[in-house]
Amino acid sequence: MCPPSQKDNTGTLKAAVGVLSVSTIGLLAATIALAVKGNQQPAPTQTMATMDPKEDTKAPTTVEDAAKEDYATAATAAVLTDFVGLREGSMFLDFTDNVCAGAQIAVSNKLCADMDVPPPQAGGNVTKGYVGSLDVGELTPNKNSYWSSAMCPVNVHWHAGSEHWSAGEFDEDGVGPNGNQKRPEWAGDRDLAAGQEVRAGFRCHHYDATDPKFTTPYEWKYCTQMEVGETYEVHWPHSAAGACGTIDQYQTPFYDGVFCNLDAATFTAIAKDPQNIANAVGVHGQVFTVVNDEAYYYPDMIRGMIVDKKKNMGTDVHHYTGSTTGTSRDNEMCSLYAPITWQVDRKCHKISASSFDKLCFDMLQQRDNMKDDVYPHGSRELVKDSLVANNAWDNTAAAPAEAEAAPSAEESAPAAEESAPAETDPEVADTRSGNLRA
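This one's a predicted model, so the numbers in the text were calculated from it and none came from an experiment.

Undergrad: Honestly, helix H8 (residues 353–364) in this entry has me stumped. Any pointers?
TA: Because the α-helix completes a turn every 3.6 residues, residues three or four places apart line up on one side. Taking 1.5 Å per residue, 12 residues should reach 16 Å; H8 reaches 17 Å between its end C-alpha atoms and fits that length. The buried count for H8 comes to 11 of 12 residues, which makes it a mostly enclosed element. By the burial criterion, the buried members of H8 are Ala-353, Ser-354, Ser-355, Phe-356, Asp-357, Leu-359, Cys-360, Phe-361, Asp-362, Met-363 and Leu-364. Among the structural elements, helix H3 (83–86), strand S4 (157–160), strand S7 (231–239), strand S8 (281–291) and strand S11 (340–352) are those in contact with the buried residues of H8.

Undergrad: How should a nonpolar patch on the surface be read in this particular structure?
TA: Residues Met-91, Phe-92 and Ile-247 make up a contiguous nonpolar surface patch of about 350 Å² in total accessible area. Within the secondary structure layout, Met-91 lies in the loop between H3 and strand S1 (110–111).

Undergrad: I would appreciate a short explanation of the confidence of the model for the protein in the present structure.
TA: Do not read the predicted coordinates in detail wherever pLDDT is low. Of the residues in the protein, 71% have a pLDDT of 70 or more, and the chain-wide mean is 80. Low pLDDT, under 50, characterises residues 188–196; the stretch is placed with 21 contacts to residues that sit more than four places away or in other chains. Across residues 398–438, confidence stays below pLDDT 50; counting only partners more than four residues off in sequence or on other chains, it has 87 contacts.

Undergrad: Would you mind going over the side chain of Gln-275 with me for this structure?
TA: Looking at where Gln-275 falls in the secondary structure, it is placed in helix H7 (residues 274–280). With relative accessibility at 17%, the residue Gln-275 sits in the buried group. In this view, Gln-275 contacts Glu-138, Leu-139 and Thr-140; residues no more than four positions away in its chain are not counted.

Undergrad: Sorry, what's going on with the packing of aromatic side chains here?
TA: Any two aromatic rings considered together are summarised by their centre-to-centre distance and by the angle between their planes. Scanning the entire structure with this criterion turns up 11 aromatic pairs. Ring centres of Trp-158 and Phe-356 lie 5.2 Å apart, and the angle between their planes is 70°; this geometry places the pair in the edge-to-face category. Each member of the pair, Trp-158 as well as Phe-356, is classed as buried. Note on Phe-288 and Phe-356: the rings are 6.4 Å apart at their centroids and 90° apart in plane angle, and the pair reads as edge-to-face. With a gap of 68 residues between them, Phe-288 in strand S8 and Phe-356 in helix H8 connect regions that are remote in the sequence. Across this residue pair, the class does not change: Phe-288 and Phe-356 are buried.

Undergrad: Got a minute to help me understand the environment of Asp-394 in this structure?
TA: Inspection of the secondary structure assignment puts Asp-394 in strand S12 (residues 393–394). Asp-394 gets classed as buried once you look at its relative accessible area, which sits at 15%. The contact partners of Asp-394, leaving out residues within four places of it in the chain, are Lys-128, Asp-316, Val-317 and Arg-346. Among the polar contacts made by the side chain of Asp-394, one reaches the side chain of Lys-128 at a distance of 3.1 Å. A polar contact is formed between the side chain of Asp-394 and the side chain of Thr-396, at a distance of 2.8 Å.

Undergrad: Hey, could you run me through a negative patch on the surface in this one?
TA: A cluster of acidic side chains, namely Glu-64, Asp-65, Glu-69 and Asp-70, defines a negative patch on the protein surface. In this fold, Asp-70 is placed in helix H2 (residues 63–80).

Undergrad: Would you take a moment to explain the environment of Trp-393 for this structure?
TA: Take Trp-393: it is sitting in strand S12. Taking the C-alpha atoms as reference points, Trp-393 and His-318, 75 residues apart in sequence, are found 6.2 Å from one another.

Undergrad: When you look at the pattern of salt bridges in this model, what are you seeing that I'm missing?
TA: Between side chains of opposite charge, a pair can form as their charged atoms come close. Applying the stated criterion across every chain, the model contains 11 salt bridges. For Asp-300, the salt bridge is made with Arg-303, and the minimal N-O distance between the two is 2.9 Å. The salt bridge involving Arg-346 is made with Asp-316; its shortest N-O contact spans 2.5 Å. One end of the pair, Arg-346, is in strand S11; the other, Asp-316, is in the loop between S8 and strand S9 (317–322), with 30 residues separating them in the sequence. This pair shows no difference in class: Arg-346 is buried, exactly as Asp-316 is. Because the salt bridges share partners, they merge into one network encompassing Lys-128, Asp-316, Arg-346 and Asp-394.

Undergrad: What am I meant to see in the state of the cysteines here?
TA: When the sulfur atoms of two cysteines share a covalent bond, that bond is a disulfide. Counted under the stated rule, the structure contains 5 disulfides. Note that Cys-100 is cross-linked by a disulfide to Cys-260, the S-S spacing being 2.0 Å. Across the S-S bond linking Cys-100 and Cys-260, the dihedral sits near -75°, which makes this disulfide left-handed. Cys-260 shares its class with Cys-100; the two are buried. Covalent S-S linkage joins Cys-152 and Cys-244, the inter-sulfur distance amounting to 2.1 Å. For the disulfide bridge between Cys-152 and Cys-244, the dihedral angle about the S-S bond is near -85°, and by the sign convention the bridge is left-handed. The exposure class assigned to Cys-244 is partly exposed, which follows from its relative accessible area of 31%. The connectivity of the disulfides in the protein is 1-7, 2-8, 3-6, 4-9, 5-10, where the numbers refer to bonded cysteines in sequence order.

Undergrad: Just to check I follow, could you spell out the pairing of S9 for this structure?
TA: Consecutive residues of a regular strand have side chains that alternate between opposite faces of the sheet. The buried count for S9 comes to 6 of 6 residues, which makes it a mostly enclosed element. Neither face of S9 is exposed, since Val-317, His-319 and Thr-321 on one face and His-318, Tyr-320 and Gly-322 on the opposite face are all buried. Pairing of S9 with S11, which is carried by 6 bridges, proceeds in the antiparallel orientation. Looking across to S11, one finds that Gly-322 is bridged to Ile-340. Across 2 bridges, S9 lies against S12 in antiparallel orientation. Within S12, the residue paired with His-319 across the bridge is Trp-393.

Reading the values: the criteria
- Residues numbered from 1 in each chain as written.
- Predicted model: local features only at pLDDT ≥ 70, side-chain atom pairs only at ≥ 80, totals over all residues.
- Heavy atoms only, no water.
- Helix = DSSP H or I, 4+ residues; strand = E, 2+ residues; numbered from the N terminus.
- Expected span 1.5 Å × (residues − 1).
- Buried < 20%, exposed > 50% of the residue type's maximum accessible area, 1.4 Å probe, protein only.
- Contact = heavy atoms within 4.5 Å.
- Patch = residues over 30% accessible without salt bridge, like charges linked within 9 Å, V, L, I, M, F, W, Y side chains within 5 Å.
- Areas by Shrake-Rupley, 256 points an atom, 1.4 Å probe, with all protein chains shown as cover.
- Salt bridge = Lys/Arg side-chain N within 4 Å of Asp/Glu carboxyl O.
- pLDDT = per-residue confidence, 0-100.
- Phe/Tyr/Trp six-rings, centres within 6.5 Å; stacked < 30°, edge-to-face > 60°.
- Polar contact = N/O pair within 3.5 Å; in protein donor to acceptor, adjacent residues only side chain to side chain.
- Lys, Arg positive; Asp, Glu negative; His and termini not counted.
- Charge placed at Lys NZ, Arg CZ, Asp CG, Glu CD.
- Disulfide = S-S within 2.5 Å.
- Pairing = 2+ DSSP bridges.

This is the structure:
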């Protein structure tokens, strides 16, 4: 059978193609015109004010706004997440896996007077030019950065008030919400501040009872027994025998961290030369006044002393050899954990309460739960000159100067950006104890 005849539609198809071609060309021309116009005059960015009320007013207006919204959402989620609570079920934070637990080598305190030559003690005067009077021979503090000496921080803790003393920075002339300590009468013992449960040290000069940032309470979430406006001296013990770079690096008590990879026999062998200890164990010390002001927020205090040349932090440092501190030692009872290097920032700095709270949070996240260090410890009384090593070294000078002279008023004055009062008493340098040399 033959197929049915078909009508020739060629002409119709050609006409349709022609119409489509013209339409396509027209659309292309319109697109080009709009693009040119768009380049000449950018379209206005849609904002919350120009959006159609019927549209979702929560939608981000720009890519930047979207990023900010995502960050805010993540930050809110982080706040709502109980990270500290999560540690209880973590396979990584099982305390029984802590390789440093119990590593402390016990060394009891001893009456200073029962020793022919007591070991050098800490904390003492760190004013520029000060040198103790205990002759330690050729012993020197570690003058290098701790990290370059293969040492790492193994703990962080702090003391109420300052244990060290720096003229015009943290001394008996400073002030805080709970007063201050008197200047020792031997140059006597510190008195307990009224209402204090622990022996507190000296205060900085920043506190201003009329400024809200020093008086507005902060809602502490992780630190305890802390107070806005108060002075605290933070210590970061370092050790070349720590579990550096591992999950067990930070320890409480800090002695476990210091001796983690050092047994008693090895310690006894290297301790025959005290310089070995001074080169391998050290402490960073830095003093702060706590403020309720986020302009002073620093998120990484667990790492170590804050070093910032532009803020004059960690740049004017007093080096000397000393001992461990705390209230179990004084000018009669000496610590035998010595000689270790001390590197102490002479300046007092403002730091936000949130910085400390973040530090406490980080401490509670360590495998060795550092809950016993998230509050201020008591301060040792200021060490007498006769127990302070005569090997002080100033990192701001090429070599220790030898001229016997008191520092000038400019040398004793705190940095301008810290807004602390300059030294004004012309006789203060003469009445302070110890040897001052320019």
